[in-house]
Amino acid sequence: MSEIIDIRSLNERVERKSAFVTNLVTGMNRVIVGQKHLIESLLIGLLSDGHILLEGVPGLAKTLAIKTLATLVDGAYNRVQFTPDLLPADIIGTMIYSQKDEAFQVKQGPVFANFVLADEINRAPAKVQSALLEAMQERQVTIGNSTFKLPEPFLVMATQNPIEQEGTYPLPEAQLDRFMLKVVIDYPKLEEEKLIMRQNISSEKGNLTPIVSKNEIMEARKVVSEVYLDEKIEKYIVDIVFATRYPSNYGLSDLEGMIAFGGSPRASINLALAARAYAFIKQRGYVIPEDVRAIAHDVLRHRIGLTYEAEASNTTADEIVSSILNRVEVP
């Protein structure tokens, strides 16, 4: 009986603390037309302390979406344009000799911000991409002999272009695994495109002002971590991830030759965290199977390795995730 009361009071707390979500979405919608899924994904990343990789052809407002979110949440924002000649020091910072003090001083790089946009991350080689690994995982940066904590909240949002392969460096699996979500963005609908065109050619440009403070985000994260996750849902999440590793155990023998490797334990962790954040956005104090299904593709698509056989038959990671969701028993 006490659990029912707990859930009820938790629901009320979630409702109170998630009120700013509506304002954030409204603020984003003033600048970004359509792209409901993109906005939702950015909020999930923000609320569950996860990093986001956005993939889509040029001109789909990937950069604009990230910049808008950073403006609405009163946080420091830095953009790094990844290029083939970029060096790790250009991102994290370096030691500089000061003649005046006759000593080396640390010059911090653009990674020291609340929101870091790694624009076209696959345009720089792996040694530069890996400069972000420590920052993304440990929320700290080591320069010389000193280690510096990064500000909170800290969120890396990277973009990449899937169609241009010349002069690009695919992200290594270890780097991909550190992104909580990989969100694939598609073209807007016809009516939306009309509205986008109208907005961009009009002389009136609306000014954005911060809607929510960093402290409110940190408070909301605490409530998100309290969202109730039933044991049945936990088992459902683990079943989904295990089905990417051992598909034949779940009656998916046809996928056996398609998957080179399945999701790591980070996949299970991130499925649980993102499902909680999704429930919070929907103003619920508990996770339901639909929450897990809603975010499963974004959490898993970059964590499943495809075999040559899968690539030859044009099978995508998204199709594999859909097959798994259709097969694994829903609690």
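First, a word on what this report is: a plain description of the structure on this page. This is a predicted model, so every value here is computed, not measured. (Residues numbered from 1 in each chain as written. Predicted model: local features only at pLDDT ≥ 70, side-chain atom pairs only at ≥ 80, totals over all residues. Heavy atoms only, no water.)

## Some thoughts on the packing of helix 3 (residues 36-47) against helix 12 (residues 265-281)
Helix-helix packing is characterised by the crossing angle of the two axes and by the distance between the axes. Between helix 3 and helix 12, the shortest axis-to-axis distance is 9 Å and the interhelical angle comes to 115 degrees. Viewed along their axes, helix 3 and helix 12 form a crossing whose handedness is right-handed. The segment helix 3 lies against helix 12, with Glu40, Leu43, Ile44 and Leu47 engaging Ala274, Ala277, Tyr278, Phe280 and Ile281. Of the residues that constitute the contact of helix 3 with helix 12, the class distribution is 8 nonpolar, no polar and 1 charged. (Axes fitted to C-alpha atoms, helices over the stretch in contact; angles between N-to-C directions. Helix = DSSP H or I, 4+ residues; strand = E, 2+ residues; numbered from the N terminus. Left-handed = near helix turned anticlockwise from the far one by under 90°. Contact = heavy atoms within 4.5 Å. Nonpolar A, V, L, I, M, F, W, Y, C, P; charged D, E, K, R; others polar.)

## A look at the packing of aromatic side chains
The full count for this structure, using the stated rule, is 3 aromatic pairs. Here Phe112 and Phe148 contribute two aromatic rings whose centre-to-centre distance is 6.2 Å and whose plane-to-plane angle is 85 degrees, an arrangement assigned as edge-to-face. With Phe112 in the loop between strand 4 (103-108) and strand 5 (115-119) and Phe148 in strand 7 (residues 146-149), this residue pair connects regions lying 36 residues apart in the sequence. The exposure class of Phe112 is buried, given its relative accessible area of 16%. Ring centres 5.8 Å apart and planes at 50 degrees place the aromatic pair Phe242 and Tyr246 in the tilted group. Classification of Phe242 as partly exposed rests on a relative accessible area of 32%. (Phe/Tyr/Trp six-rings, centres within 6.5 Å; stacked < 30°, edge-to-face > 60°. Buried < 20%, exposed > 50% of the residue type's maximum accessible area, 1.4 Å probe, protein only.)

## Points about unusual backbone geometry
With an omega of -10 degrees, the peptide bond between Glu152 and Pro153 qualifies as cis. For Pro153, the position within the fold is in the loop between strand 7 and strand 8 (155-160). Of note, the phi angle at Asp49 is positive, near 55 degrees, even though the residue is not glycine. Its location among the elements puts Asp49 in the loop between helix 3 and strand 1 (51-55). Residues other than glycine seldom take positive phi values, yet Glu120 does so here, at roughly 50 degrees.

## Considerations on the nonpolar core
Judged by nonpolar contacts, the single largest core of 71 residues is most densely connected at Leu42, Leu69, Ile240, Leu271 and Val292. The biggest single contributor to this core is helix 12, with 10 residues. Setting aside anything within four residues of it in sequence, one finds Leu42 in contact with Met28, Ile52, Ala65, Ile66, Leu69 and Met157. Counting residues in each nonpolar core, the second largest holds 27 residues, with Leu53, Ala118, Val128 and Leu132 among its members. (Core = buried A, V, L, I, M, F, W, Y, C linked by side-chain atoms within 4.5 Å.)

## Comments concerning a nonpolar patch on the surface
On the surface, Met95, Tyr97, Phe104 and Val106 cluster together to form a nonpolar patch covering roughly 380 Å² of accessible area. Listed by contribution, the elements that provide at least two residues to the nonpolar patch are strand 3 (93-98) and strand 4. (Patch = residues over 30% accessible without salt bridge, like charges linked within 9 Å, V, L, I, M, F, W, Y side chains within 5 Å. Areas by Shrake-Rupley, 256 points an atom, 1.4 Å probe, with all protein chains shown as cover. Salt bridge = Lys/Arg side-chain N within 4 Å of Asp/Glu carboxyl O.)

## Quick notes on helix 2 (residues 19-31)
For helix 2, the complete set of buried residues consists of Phe20, Val21, Leu24, Gly27 and Met28. Down the axis, helix 2 shows its buried residues gathered within 125 degrees of arc, on one side only. (Arc of directions from axis to C-beta.)

## Quick look at the pairing of strand 5
Buried residues dominate strand 5, accounting for 5 of its 5 residues. Burial along strand 5 is two-sided: Phe115, Leu117 and Asp119 facing one way and Val116 and Ala118 facing the other are all buried. Pairing analysis gives 5 bridges linking strand 2 (residues 77-81) to strand 5, with the strands arranged parallel. By the bridge assignment, Asn78 is partnered in strand 5 with Val116. Where strand 5 meets strand 8, 4 bridges bridge the pair, whose relative direction is parallel. Paired with Val116 across the bridge in strand 8 is Val156. (Pairing = 2+ DSSP bridges.)

## Things to note about the sheet that holds strand 1
Here 5 strands make up an open sheet; going across it, the order is 2-5-8-1-9 and the pairing parallel. A strand with exactly one partner marks an edge of an open sheet, and here the two such strands are strand 2 and strand 9 (179-184). Strand after strand, the sheet turns through a mean of 15 degrees between neighbouring axes, direction not considered.

No statement about biological role is implied by the geometric values presented.
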